[in-house]
Amino acid sequence: MTLHKAEKVIIITEKMITKGVCAIIDEAGATGYTIVAAGGKGSRGIRSTSESASVIDDFANVKIEVIVNNKQMAEHIMNKVAEKYFQSYSGITYMEYVDILRPEKF
Amino acid sequence: MTLHKAEKVIIITEKMITKGVCAIIDEAGATGYTIVAAGGKGSRGIRSTSESASVIDDFANVKIEVIVNNKQMAEHIMNKVAEKYFQSYSGITYMEYVDILRPEKF
Amino acid sequence: MTLHKAEKVIIITEKMITKGVCAIIDEAGATGYTIVAAGGKGSRGIRSTSESASVIDDFANVKIEVIVNNKQMAEHIMNKVAEKYFQSYSGITYMEYVDILRPEKF
């Protein structure tokens, strides 16, 4: 099978807003997303280095990934999530370029 | 140390076929893989948006990553997994380009 | 919002050295990182294929991701982690190129 270019949007943020982020993804027209439990330290974090080992057991964040084959949709999701949530909640969003099989699935 | 180009194959699919997917990866000659528990919603999913928050606690999927320094091997793994499993099981597979240290490890 | 190029460093290694890896990341000047529990099989692994299904329940590894907008910092983190730990512990490190919003956060 041939590979096709697509965009992957990643959102790492607080678990409590997962539902709202997924609603933005659905409304944008993406066909699916993947959610992974995550811990870590962000640029707003106040955890000191000496505490960093504890974050492994503290999966209060989620990493949400969405693949779309439409760069405009990718940027729309990133902007919507950042505008709606990143004033009030910790989070980052970024995009990667990937090669997919079966573009009709996305 | 110098960086070297390599390919990363990602397979996101149902947890129950992990063993079979890993066997394909091993048979292809890859030296290792990483498995992460995942939830989410796929293009076959019937979950409604109103239920999407529940997926966080429902890690019935896995995200499997394999790095190889051989694009043909990467495409072989993607095609084999898609052919063998994606008629019967939910799943996606895609490829990314990465820069690695120590290419002899892959 | 405009997208900006950045580097993402990924380190997949044994859970027990998470604290030390995160200290290297902090000392390098990165503003945050994300940690995900992971299982898998590495190039030093002695697990046979027949055992590979069990790795799903065996999350003794971590996948640590750091985004920096400075390729030198990215390579510094990779080299430091490899030099300090990868003689004694299993692990790989690689880099991807990503597009970020809000570069001032990284």
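Asks: For this particular structure, what's the right way to read the overall build of chain A?
Replies: On a plain count of helices and strands, chain A comes out with two helices and four strands. Partitioning the intrachain contacts of chain A with sequence separation of at least 6 by distance along the chain shows that 80% fall at a separation of at least 24. Surface accessibility of chain A: about 4500 Å² in total, with carbon and sulfur atoms responsible for 49%.

Asks: Before we go on, may I ask you to explain the relation of the copies chain C and chain A in this structure?
Replies: What relates the pair of chain copies is a rotation about an axis plus a shift along that axis. You can overlay chain C on chain A at an RMSD of 0.0 Å; the transform is a turn of 120 degrees with a shift of 0.0 Å along its axis. Here the two chains are linked by the operation of a three-fold rotation axis. Of all interface residues in chain C, a mere 17% are interface residues in chain A too; the two copies therefore contact each other through different surfaces.

Asks: Would you take a moment to explain the interface of chain B and chain A for this structure?
Replies: A common way to report how large an interface is uses the accessible area buried once the components associate. Facing 32 residues of chain B, the contacting portion of chain A comprises 30 residues. Between chain B and chain A, roughly 2500 Å² of surface is buried when both sides are summed, and carbon and sulfur atoms account for 57% of that area. Where chain B packs against chain A, one counts three salt bridges. Taking the shortest distance from any N to any O, the salt bridge between Glu96(B) and Lys8(A) comes out at 2.9 Å. Counting residues per element, the ones that place at least two in the side of chain B that touches chain A are strand 2 (33-41), helix 2 (71-85) and strand 4 (91-100) of chain B. Broken down by element, the residue count for the side of chain B that touches chain A peaks at seven residues, all from strand 4 of chain B. Of the residues contributing to the side of chain B that touches chain A, the split by class is 15 nonpolar, 10 polar and seven charged.

Asks: Explain the packing of helix 1 (residues 18-28) of chain C against helix 2 (residues 71-85) of chain C to me, please; I cannot follow it from the model alone.
Replies: When two helices pack together, their arrangement is given by the angle between the helix axes and the distance between those axes. All names here are of chain C. Where helix 1 contacts helix 2, the axes come no closer than 10 Å and their chain directions differ by 150 degrees. In this view, helix 1 runs roughly antiparallel relative to helix 2, as classed from their interaxial angle. When the axes of helix 1 and helix 2 are compared, the crossing they make is right-handed. Contacts from Gly20, Val21, Ile24, Ile25 and Ala28 in helix 1 reach Met73, His76, Ile77, Lys80, Val81, Lys84 and Tyr85 in helix 2. Of the residues contributing to the contact of helix 1 with helix 2, the split by class is eight nonpolar, two polar and two charged.

Asks: Explanation requested: the packing of aromatic side chains in the structure shown.
Replies: One pair of aromatic rings is described through two measures. These are the centre distance and the angle between the planes. Residue and element names in this part refer to chain B. In total, this model carries three aromatic pairs over all chains according to the counting rule given. Centre to centre, the rings of tyrosine 85 and tyrosine 89 are 6.0 Å apart; their planes meet at 65 degrees, and the pair counts as edge-to-face. Owing to a relative accessible area of 10%, tyrosine 85 belongs among the buried residues under this scheme.

Asks: How should I be thinking about the relation of the copies chain B and chain A in this particular structure?
Replies: At an RMSD of 0.0 Å, chain B and chain A line up after a rotation of 120 degrees and a shift of 0.0 Å along the axis. Looking at the interface residues of chain B, only 16% of them are also at the interface in chain A, so each copy uses its own face.

Asks: When you look at the confidence of the model for chain A in this model, what are you seeing that I'm missing?
Replies: Caution applies to low-pLDDT regions: their predicted coordinates should not be interpreted in detail. Residue and element names in this part refer to chain A. Mean pLDDT over chain A: 87, with 85% of residues reaching 70 or higher. The lowest-confidence element of chain A is strand 2 (residues 33-41), averaging 93 in pLDDT; the highest-confidence one is helix 1 (residues 18-28), averaging 97. Low pLDDT, under 50, characterises residues 46-57; the stretch is placed with 19 contacts to residues that sit more than four places away or in other chains. For this predicted complex, the interface score ipTM comes out at 0.85, while the overall pTM is 0.88.

Asks: Just to check I follow, could you spell out the interface of chain C and chain A for this structure?
Replies: Taken together, the contacts link 30 residues of chain C with 32 residues of chain A. Contact between chain C and chain A buries roughly 2500 Å² in total, counting both sides, with carbon and sulfur atoms accounting for 57%. The tally of links between chain C and chain A comes to three salt bridges. Here Glu65(C) makes a salt bridge to Lys63(A), at a shortest N to O gap of 2.6 Å.

Asks: When you look at the pairing of strand 4 of chain B in this model, what are you seeing that I'm missing?
Replies: A regular strand places its side chains so that they alternate between the two faces of the sheet. Burial within strand 4 of chain B is extensive, with nine of its 10 residues counted as buried. Two elements, strand 4 (residues 91-100) of chain A and strand 4 of chain B, share two bridges in a ladder whose sense is antiparallel. Bridge pairing in strand 4 of chain B places Ile100(A) opposite Tyr94(B). Pairing of strand 1 (residues 4-14) of chain B with strand 4 of chain B involves 10 bridges; the strand directions are antiparallel. Its bridge partner being in strand 4 of chain B, Glu7(B) is matched across the sheet by Tyr97(B).

Asks: I would appreciate a short explanation of the side chain of Arg102(B) in the present structure.
Replies: Residue placement: Arg102(B) occurs in the segment after strand 4. Ignoring sequence-local partners within four residues, the contact set of Arg102(B) consists of Met1(B), Phe86(C) and Gly91(C).

Cut-offs applied
Residues numbered from 1 in each chain as written. Chains lettered and ligands numbered in written order. Predicted model: local features only at pLDDT ≥ 70, side-chain atom pairs only at ≥ 80, totals over all residues. Heavy atoms only, no water. Helix = DSSP H or I, 4+ residues; strand = E, 2+ residues; numbered from the N terminus. Contact = heavy atoms within 4.5 Å. Areas by Shrake-Rupley, 256 points an atom, 1.4 Å probe, with all protein chains shown as cover. Least-squares fit on C-alpha atoms with pLDDT ≥ 70 in both. Buried area = accessible area lost by both parts, 1.4 Å probe. Salt bridge = Lys/Arg side-chain N within 4 Å of Asp/Glu carboxyl O. Nonpolar A, V, L, I, M, F, W, Y, C, P; charged D, E, K, R; others polar. Axes fitted to C-alpha atoms, helices over the stretch in contact; angles between N-to-C directions. Parallel < 35°, antiparallel > 145°, perpendicular 65-115°, else oblique. Left-handed = near helix turned anticlockwise from the far one by under 90°. Phe/Tyr/Trp six-rings, centres within 6.5 Å; stacked < 30°, edge-to-face > 60°. Buried < 20%, exposed > 50% of the residue type's maximum accessible area, 1.4 Å probe, protein only. pLDDT = per-residue confidence, 0-100. Pairing = 2+ DSSP bridges.

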